[in-house]
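Residues per chain are reported as follows:
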Amino acid sequence: MKSIYLTIALAPLIGAIVAGLFGKKIGRVGAHTVTTLGVAISFLLSLVVYKHIVIDGGAAFNGAVYTWLISDGIRFEIGFLIDKLTTLMIMVVTFVSLMVHIYTIGYMKDDPGYQRFFSYIALFTFSMLMLVMSNNFLQLFFGWEAVGLVSYLLIGFWYQKESAIYANLKAFLVNRVGDFGFLLGIAAILMYFNSLDYVEVFAAAQSMSAVNIQIFPGVEWSLMTVIGILLFIGAMGKSAQVPLHVWLPDSMEGPTPISALIHAATMVTAGIFMVARMSPLYELSETALSFILVIGAITALFMGLLGLVQNDIKRVIAYSTLSQLGYMTVALGASAYAGAIFHLTTHAFYKALLFLAAGSVILAMHHKQDIREMGGLKKYMPITYWTSMIGTLALIGFPGFSGFFSKDAIIEAVKLSQLPGSGFAYIAVLLGVFVTALYSFRLLFMVFHGKERMDEHTRAHLKEPSAVVTWPLILLAAPALVIGAMTVGPMLFEGYFGSAIVVDPGHDTLARLGETYTGVMGFMLHGLLSAPFWLAIAGILTAWYAYIVRPDLPGKAKDRFQTIFTILDRKYGFDNFYDFFFAGGSRKIGRLFWKAGDESTIDGFMVDGTAKGIAWISAKVRHMQTGFLYHYAFAMIIGLLVLITVFVIF
Amino acid sequence: MFSGLPLLSLVIWLPIIGGLTLLAISRANDDNVVRWTALLLSGLTFFLSLLLYTGFDTTTYQMQFVEKAAWIPTLSINYHLGLDGISMPLLLLTTFTTVLVVISSWGSIQTKVAQYMAAFLIMEGAMNGVFASLDGILFYVFWEAMLIPMFLIIGIWGGPRRVYAAFKFFLYTFLGSVLLLVAMIYLFFQADSFAILDFHTVKIGMTAQILIFIAFLIAFAVKIPMWPVHTWLPDAHVEAPTGGSVILAAIMLKMGAYGFVRFMLPITPDASAALDGLIITLSLIAIVYIALVALVQDDMKKLIAYSSVAHMGFVTLGFFTVFSIFASTGGVKGAALGIEGGLVQMISHGFISGAMFLCVGVMYDRMKSRSISAYGGVVNTMPVFSAFMVLFALANTGLPGTSGFVGEFMVILSAFQANFWYAFFAGLTLILGAAYTLWMVKRVVFGKIANDEVAQLKDLNPRETLVLGVLAVVVLLLGVWPEPLVEVMHTSVNHLLEQVVASKL
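Just so you know, these numbers come straight off a predicted model, no measurement behind them.

**Q** Honestly, the overall build of chain B in this entry has me stumped. Any pointers?
**A** Assigned secondary structure in chain B consists of 24 helices and two strands. Since a compact globule built from 505 residues should have a radius of gyration of about 23 Å, the 22 Å found for chain B is in line with a globular shape. Going through the 505 residues of chain B one by one, you find that 68% of them count as buried. At a minimum sequence separation of 6, the contacts of chain B that also span at least 24 residues come to 82%. Carbon and sulfur atoms provide 69% of the accessible area of chain B, an area that totals close to 15,500 Å². Of note, chain B has its 23 positive side-chain charges centred 9 Å away from the centre of its 26 negative side-chain charges.

**Q** Would you mind showing me how to read the overall build of chain A here?
**A** Along chain A, the regular secondary structure elements total 27 helices and four strands. Oriented by its inertia axes, the alpha-carbon framework of chain A measures out at about 115 × 65 × 60 Å. Expressed as a percentage of its 650 residues, the buried residues of chain A come to 59%. Considering only contacts within chain A whose residues lie at least 6 apart along the sequence, 80% involve residues at least 24 apart. Carbon and sulfur atoms make up 69% of the accessible area of chain A, which totals about 25,100 Å². Of the side chains in chain A, 42 bear a positive and 38 a negative charge, and the two mean positions are spaced by 9 Å.

**Q** I tried to follow the packing of aromatic side chains on my own but got confused; where do I start?
**A** Aromatic ring pairs are defined here through the distance separating the ring centres and the angle between the ring planes. Going through the model one piece at a time under the given rule, you end up with 71 aromatic pairs over all chains. Centre to centre, the rings of Trp68(A) and Phe76(A) are 6.4 Å apart; their planes meet at 75 degrees, and the pair counts as edge-to-face. The two residues Trp68(A) and Phe76(A) agree in class, both being buried. Among the aromatic side chains, those forming a connected cluster through ring pairs are Phe180(A), Phe216(A), Trp221(A), Phe416(B), Phe420(B), Trp421(B), Phe424(B) and Phe425(B). Above the plane of the ring of Tyr327(A) lies Lys407(A), whose end atom (NZ or CZ) is 5.0 Å from the centre. Above the ring of Trp439(B), the side-chain terminus of Arg443(B) is found at 3.6 Å from the ring centroid.

**Q** Just to check I follow, could you spell out the packing of helix H14 (residues 313-333) of chain A against helix H15 (residues 337-364) of chain A for this structure?
**A** For any two helices packed against each other, one specifies the inter-axial angle together with the distance between the axes. Here H14(A) crosses H15(A) at 175 degrees, and the two axes come no closer than 9 Å. As far as their axial angle goes, H15(A) and H14(A) are roughly antiparallel.

**Q** Before we go on, may I ask you to explain a nonpolar patch on the surface in this structure?
**A** There is a patch of nonpolar side chains on the surface, built from Leu541(A), Trp544(A), Tyr545(A), Ile548(A) and Val549(A) and spanning about 450 Å² of accessible area. Relative to the elements of secondary structure, Ile548(A) occurs in helix H23 (residues 531-549).

**Q** Can you walk me through the nonpolar core in this structure?
**A** Among the nonpolar cores identified, the biggest contains 443 residues, and Phe76(A), Phe137(A), Tyr282(A) and Phe319(B) are the most heavily contacted of them. Leave out the neighbours within four places in its chain, and Phe137(A) touches Ile186(A), Ile189(A), Leu196(A), Tyr198(A), Val201(A), Leu231(A), Met278(A) and Leu281(A).

**Q** What is the right way to read the confidence of the model for chain B from this model?
**A** Predicted confidence across chain B gives a mean pLDDT of 89, with 99% of residues reaching 70 or more. Among the scores for the predicted complex, ipTM is 0.91 and pTM is 0.91.

**Q** How should I be thinking about the side chain of Gln417(B) in this particular structure?
**A** Topologically, Gln417(B) is positioned in helix H18 (residues 403-418). Sequence-distant contacts of Gln417(B), defined by excluding residues within four places in its chain, comprise Leu190(A), Met191(A), Ile325(B), Lys333(B), Gly334(B) and Leu337(B).

**Q** Can you walk me through the side chain of Arg176(A) in this structure?
**A** Mapped onto the elements, Arg176(A) comes out in helix H6 (residues 162-193). For Arg176(A), the contacting residues outside a window of four places in its chain are Glu145(A), Thr397(B), Gly398(B), Leu399(B), Leu430(B), Ile431(B) and Ala434(B).

**Q** Help me understand the interface of chain B and chain A, please; the structure alone is not making it clear to me.
**A** Interface size is commonly expressed as the accessible surface area that is lost when the partners come together. Facing the 64 residues of chain B at the interface are 53 residues of chain A. When chain B packs against chain A, the two sides together hide about 5,300 Å² of surface, and 72% of this comes from carbon and sulfur. Contact with chain A buries area across many residues of chain B, yet Val296(B), Phe416(B) and Leu430(B) alone supply 12% of it, more than any other trio. Inspection of the region where chain B meets chain A yields one salt bridge.

**Q** Would you mind showing me how to read the pattern of salt bridges here?
**A** One side chain can pair with another of opposite charge once the charged atoms of both are near each other. Residues and elements named next belong to chain A. Inspection of every chain in the model, using the stated rule, returns 23 salt bridges over all chains. Its salt-bridge partner being lysine 170, residue aspartate 575 comes within 2.8 Å of it at the nearest N-O pair. A residue pair is termed long-range when its members are at least 10 positions apart, and aspartate 575 in helix H26 (residues 574-624) and lysine 170 in helix H6 qualify at 405 residues. By the burial criterion, aspartate 575 is buried, and lysine 170 matches it. In this structure, the salt-bridge partner of aspartate 250 is arginine 315, at a minimum N-O distance of 3.5 Å. Linking aspartate 250 in helix H9 (residues 247-250) with arginine 315 in helix H14, this pair joins segments that are 65 residues apart in sequence. If you follow the salt bridges from partner to partner, you end up with Lys161, Lys170, Asp250, Glu253, Arg315, Lys571 and Asp575 in one network.

**Q** What exactly am I supposed to notice about the pairing of strand S1 (residues 64-72) of chain B here?
**A** In summary, the side chains of a regular strand alternate between the two faces of the sheet. Residues and elements named next belong to chain B. Relative to strand S2 (residues 77-83), S1 is paired through six bridges, and the arrangement is antiparallel. From the neighbouring strand, lysine 68 faces S2, where its bridge partner is histidine 80. Hairpin connection between S1 and S2: a loop of four residues separates the two successive antiparallel strands, and serine 76 in this loop has a positive phi of roughly 45 degrees.

**Q** Teacher, can you tell me more about the environment of Asn576(A) here?
**A** Residue and element names in this part refer to chain A. Locating asparagine 576 in the fold gives a position in helix H26. For asparagine 576, a relative accessible area of 43% translates into the label partly exposed. Sequence-wise, asparagine 576 and methionine 606 are 30 residues apart; in three dimensions their C-alpha atoms are separated by 39 Å.

**Q** In this structure, what is going on with the pairing of strand S2 (residues 74-82) of chain A? I would like to understand it.
**A** Most of S2(A) sits out of view: seven of its nine residues are buried. Between strand S1 (residues 61-71) of chain A and S2(A), which pair antiparallel one after the other, the connecting turn spans two residues, and Asp72(A) there sits at a positive phi close to 60 degrees.

**Q** Sorry, what's going on with unusual backbone geometry here?
**A** What you tend to see is this: most non-glycine residues have negative phi, and most peptide bonds are trans. Of the consecutive residues Val242(A) and Pro243(A), the connecting peptide bond is found in the cis state with omega at 5 degrees. With respect to the helices and strands, Pro243(A) occurs in the loop between helix H8 (223-238) and H9. Cis rather than trans, the peptide bond between Trp227(B) and Pro228(B) has omega equal to 5 degrees. With respect to the helices and strands, the residue Pro228(B) is situated in the loop between helix H9 (206-223) and helix H10 (232-239). Its identity is not glycine, yet Ser335(A) carries a phi of approximately 65 degrees, on the positive side. By the element assignment, Ser335(A) lies in the loop between H14 and H15. For Phe65(B), which is not glycine, the phi dihedral falls at a positive 55 degrees. Its place among the elements puts Phe65(B) in strand S1.

**Q** Quick question: what am I supposed to make of H9(B) here?
**A** With 18 residues, H9(B) extends 25 Å between its outermost C-alpha atoms, agreeing within 8% with the 26 Å of an ideal straight helix rising 1.5 Å per residue. Looking at H9(B), one finds that the buried residues are Ala208(B), Gln209(B), Ile212(B), Phe213(B), Ala215(B), Phe216(B), Leu217(B), Ala219(B), Phe220(B), Ala221(B), Val222(B) and Lys223(B).

**Q** Sorry if this is basic, but what is going on with the packing of helix H11 (residues 270-277) of chain A against H14(A) here?
**A** Residues and elements named next belong to chain A. Relative orientation of the contacting elements H11 and H14 amounts to 10 degrees, with a least axis distance of 10 Å. Viewed along their axes, H11 and H14 adopt a mutual orientation that is roughly parallel. Contacts between H11 and H14 involve Ile272, Val275 and Ala276 from the former and Leu325, Met328, Thr329 and Leu332 from the latter. Of the residues that constitute the contact of H11 with H14, the class distribution is six nonpolar, one polar and no charged.

Calculation notes
Residues numbered from 1 in each chain as written. Chains lettered and ligands numbered in written order. Predicted model: local features only at pLDDT ≥ 70, side-chain atom pairs only at ≥ 80, totals over all residues. Heavy atoms only, no water. Helix = DSSP H or I, 4+ residues; strand = E, 2+ residues; numbered from the N terminus. Rg over C-alpha atoms; globule rule 2.2 N^0.38 Å. Buried < 20%, exposed > 50% of the residue type's maximum accessible area, 1.4 Å probe, protein only. Contact = heavy atoms within 4.5 Å. Areas by Shrake-Rupley, 256 points an atom, 1.4 Å probe, with all protein chains shown as cover. Lys, Arg positive; Asp, Glu negative; His and termini not counted. Charge placed at Lys NZ, Arg CZ, Asp CG, Glu CD. Phe/Tyr/Trp six-rings, centres within 6.5 Å; stacked < 30°, edge-to-face > 60°. Lys NZ or Arg CZ within 6 Å of the ring centre and 35° of its normal. Axes fitted to C-alpha atoms, helices over the stretch in contact; angles between N-to-C directions. Parallel < 35°, antiparallel > 145°, perpendicular 65-115°, else oblique. Patch = residues over 30% accessible without salt bridge, like charges linked within 9 Å, V, L, I, M, F, W, Y side chains within 5 Å. Salt bridge = Lys/Arg side-chain N within 4 Å of Asp/Glu carboxyl O. Core = buried A, V, L, I, M, F, W, Y, C linked by side-chain atoms within 4.5 Å. pLDDT = per-residue confidence, 0-100. Buried area = accessible area lost by both parts, 1.4 Å probe. Pairing = 2+ DSSP bridges. Expected span 1.5 Å × (residues − 1). Nonpolar A, V, L, I, M, F, W, Y, C, P; charged D, E, K, R; others polar.

Below, the structure is given as structure tokens:
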């Protein structure tokens, strides 16, 4: 099996290298063939792995590929851990990636950087696979930074666009802030566990749970809390949690396929995956879990609110991604790791679908993205419309659709959580349901229904794009519809993950939820009677009233609640604050250090000052050598007098 | 078949004698003959140094390839050469870089070609001599000798303020050298020998150790350079021709750090333990303060020069984590990561900063400007070059998968074990390093074509592609698999650690 695992990881890499280095020679067809083939091989092999690990119940694989480095008696290795969690992740990653590859053939067909784009997305798939398949923290960090790198390259893909190359630098730097915490977390693990291997670290975790460390003298903190929070800072960067979320909306500057692949379905889920993978560590610190719970809840509600005021079709979906990532994070905080991964899975399908559908709209609209210039597209683009509808219903958690099962489970789990902050989190995720339904249907109504607001030229050319675009939509709509109902039982309540996820019985919210679980139908019936469903319905109705029945209302509301609107429009001021404080501040300090430190003090005072001082002294000393004998004699007599005095007195 | 050869003498004297010969016969030949001869000589030297790698025994910390002959017997000064796992990789870096410099200077140097090539060859021999010397006086001779060609390279082929820069460079480094000599003479009277290995074992009192430590510190800190004696470096880099910058960044800066591990740590371990806070503080200032200064530079060479100072901060930090670890745990677990990390960082920085300076050189050759604001949208006209530039820039930010990651990662892991805050401040490089490097890339490489000059840029020629391509392969290879480099260091580093924690009082 080891060679299969190796092939899964390397096939996209080979595709990326061939398309990247020989793109000109093999041409467009060659580039998309070699990369798509590589990802297709990975996907098919991931099905083989699924059969082996899940259906046949084969043992989890944990082994090294090669030794990266030995230092200080520690072996740093590159290796794979393939258990049920990994199996699920590689299936999701390779499937979504394959759909995106196919879709890109149509979406990017007129772009001069065609080969380069395929090389990047295949490289991205490789990076993400390395991340999820890793059996140690070193390789995890490699994958972690590598997805950040490819994201940097892809957001700045249209390198002539000033906004794109601003956004990619911002994304990289914000991610680096997270990686900074992550790296310190890894360093802490190495120091106390003397290993970076998952299995060894997890095995020793229990014995380290009582260890306290001092970071500030005199203040004792639990080691597990410190490690948990440091690692989670990394997750906040990758999974765009407040306050490190600012890069994700801007990343929409990249071409649409990457929004689907990276900024919805895979890279942003890295943080969620990581925390779930580290569940044996997180279970040992309620403080860390509580922190995660609160951060997730803030993200889930407040980022959703921002989706209400956006007018760029991709940005609305981007904020919905932020909000949904918040839901996953909340689930992690409530120790419902399986629920987080379940939501990650359903979200990967319906969010990739929504982004690709948005891309289809953007293609039809000749690269216009403002929803105020759309409307009534339903009759021109029926496939895009109906697949978008499926995606939207899944997103808002309409009973029966995939998102319903995962989101409802999370909300129920949070309700059962006993941790500090769980009360706030419960209210936030509940209100979030209303907000989600509102902005989602606002988008759907403004794009596909109502008056046709585009110009005449655009309207004349409106049509459904080619089959390579629509087929991925259909292929993604299928799982967005059914994956929830199919997998809710095994994933949440029947122990699919086995030993891959560890939950302390005292925190096990899903187990308590499972006590009342009777089956898919029972779960749905229960959903119909509970608050989230009615909140979602209320959201849809509000959107319908405000954007179909009375389209003049939103404008009036905006005038009426100007302050709130301004706050939302400014995105709570995070961007301005960061620009002013961090970007501007570090440049100011840098200039100060340079001018006042290096140039004035060191060069001006110490270096040139020394040179000047020597020149000054020598100029003075020169006067002593007058050449007159009586001057010298006088000096000698004075000197003699001084010396004699000194000897006599002391 | 090569085992009988005095390899170390060959890698020192072959380029020196070759360089002198080039000078002597320069008038009789045209420039191309000179270039090919220089390439042949440096290539042969590199080949010989490869034999040092293949023939190296990783199981012993004893010096290898030792050559010893009496030089000034009355003062017991010997011509004494040898290599261990610390100096061998550095010697290899020197011979490798010199070949690349010869190739990269092919087209960009058109005046006094013979003298230029000769200067580099002589400097190569002297630098190899520094790494291979086991006798204090021999070391000192090579240490001083290598300054002269560099002084001439900056002073003759440099930019408009070359004379100021050359003198600043010379005076700064010369000041340190004098103190080095004084320290060595003192050690001679204690050890009754000029052998460096005898310096390692001689007992020295605390006051004397502190004084020697400070003398060494001044001598070596200037070379590294550490904050606050770093201000010669940006000036020297800005004025030096590309080849000079590459050698300066890739190798000369490593001399100071090499002095730390060859002289300071083993000769004055007690003083090092007492003053480790000073070195660590200066290292962290270099990492944070200098990174912020790099952020606001407009001159690309200055920016990379400052980035070098910040990266060398990791080297000195890694070397000195051992004392805090030993003080708190009574053992050296975690310290080898720091020292080996520092050594890896030295090698890696040689490749990456060399490559960055070559990239700036490529642009300078075409547009005669190093100013960031003179560029913009270079990727539109030079896509292949831009791919290399972005790769090396990312390596400069310590991206995993490139060699830049390995050393920083190891040093941060070790620093964390010494003190959380060491790792915290060192880790800030993740953000600051990315900020100054990628912000430069954004303004130079990406964007729309900024002006007509950029619009007329021609992409890399085959020779430039070769040089940058070789460096790219090395940077990636070392990032993906650093073990072949690190394994040669283990035994020597472990021996060094034993010396460092044993008191010499």
